[in-house]
Amino acid sequence: IDSFHDSESLMNNMLYFRKIHGNSMSPTLNDGDFILALKVPQKMYHINDIIIVNHQLFDNIIKRIHSIHDNTVQLKGDGQDSLSTLKMGDIPTRHILGKMIWHISPKSKN
């Protein structure tokens, strides 16, 4: 039983399922969509990856990597109503929770 709890704890820190709130990543991700993100080694994050970040001012946010410098990243949103890269500032890579690996859009695209 103890190993089950250890595995569960590991999964809780490596795999994230999140609902999109707002349109700051539209048209790529829209309000009501879901993403699945996986914690990966730092060297596997690249420009244009969509990530979940634990931001010190804005809590958990989902944005695209705009640039990478040493141990920090700069982020951007795809939508016009997104926070600016300048306002979000440099984000330490240790604050990255995960990289998007799957996108689920429950809305019909007729």
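Every value quoted in this text rests on a predicted model; they were computed, and no experiment measured them.

## Topic: the overall build of the chain
Here comes step 1: A tally of regular secondary structure across the chain gives 2 helices and 7 strands.
Here comes step 2: Its helices and strands in sequence order give the chain the pattern α-β-β-β-β-β-α-β-β, from N to C terminus.
Here comes step 3: For the chain, the accessible surface area stands at approximately 7,100 Å², while carbon and sulfur atoms represent 54% of it.

## Things to note about the sheet that holds strand S3 (residues 50-55)
Here comes step 1: Sheet architecture is open: 7 strands sit in the order S1-S2-S7-S3-S4-S5-S6, paired in antiparallel fashion. Edge positions in the open sheet fall to strand S1 (15-19) and strand S6 (91-92), since each of these has one partner strand only.
Here comes step 2: Relative to strand S2 (residues 34-38), S1 runs antiparallel, the two being bridged by 5 bridges. Bridge pairing in S2 links Leu15 to Leu38.

## Brief notes about the layout of surface pockets
Here comes step 1: The volume enclosed by the largest pocket comes to roughly 220 Å³.
Here comes step 2: As for the largest pocket, its lining consists of Arg18, Lys19, Ile20, His21, Ser24, Met25, Ile52, Asn60, Ile61, Ile62 and Lys63.

## Comments concerning the pairing of strand S4 (residues 59-69)
On any regular strand, side chains alternate: one points to one face of the sheet, the next to the other face.
Here comes step 1: Two elements, S3 and S4, share 6 bridges in a ladder whose sense is antiparallel. Bridging from a neighbouring strand, Ile50 pairs with Arg64 of S4.
Here comes step 2: The hairpin formed by S3 and S4 contains 3 residues between the paired strands.
Here comes step 3: Taken together, the 5 bridges between S4 and strand S5 (residues 72-76) define a ladder with antiparallel strand orientation. Among the inter-strand pairings, Ser67 is bridged to a residue of S5, identified as Gln74.
Here comes step 4: Taking the residues between adjacent antiparallel strands as the criterion, S4 and S5 are bridged by 2 residues, where Asp70 takes a positive phi near 50°.

## Notes on the environment of Lys19
Here comes step 1: Here Lys19 lies in strand S1.
Here comes step 2: Through-space distance from the C-alpha of Lys19 to that of Ile35 is 6.5 Å; in sequence the pair is 16 residues apart.

## Here we look at the pattern of salt bridges
Here comes step 1: Taken as a whole, this structure holds 2 salt bridges when the rule is applied.
Here comes step 2: Between Asp49 and Lys99 there is a salt bridge, with the nearest N and O atoms lying 3.3 Å from each other. Remark: Lys99 occurs in strand S7 (residues 96-104) and Asp49 occurs in the loop between S2 and S3; sequence separation between them is 50 residues.
Here comes step 3: For Lys99, a relative accessible area of 18% translates into the label buried.
Here comes step 4: In this structure, Asp78 and Arg64 form a salt bridge, with 2.7 Å as the shortest nitrogen-oxygen distance. Here Asp78, found in the loop between S5 and helix H2 (85-88), pairs with Arg64, found in strand S4; they are 14 residues apart in sequence, far enough to count as distant.

Cut-off values and rules
Residues numbered from 1 in each chain as written. Predicted model: local features only at pLDDT ≥ 70, side-chain atom pairs only at ≥ 80, totals over all residues. Heavy atoms only, no water. Helix = DSSP H or I, 4+ residues; strand = E, 2+ residues; numbered from the N terminus. Areas by Shrake-Rupley, 256 points an atom, 1.4 Å probe, with all protein chains shown as cover. Pairing = 2+ DSSP bridges. 1 Å grid on protein atoms, 1.4 Å probe; cavity = no way out; pocket = protein on both sides within 12 Å on 5 of 7 lines; lining within 4 Å. Points joined across faces, edges and corners; volume = space filled by probe spheres on them. Salt bridge = Lys/Arg side-chain N within 4 Å of Asp/Glu carboxyl O. Buried < 20%, exposed > 50% of the residue type's maximum accessible area, 1.4 Å probe, protein only.

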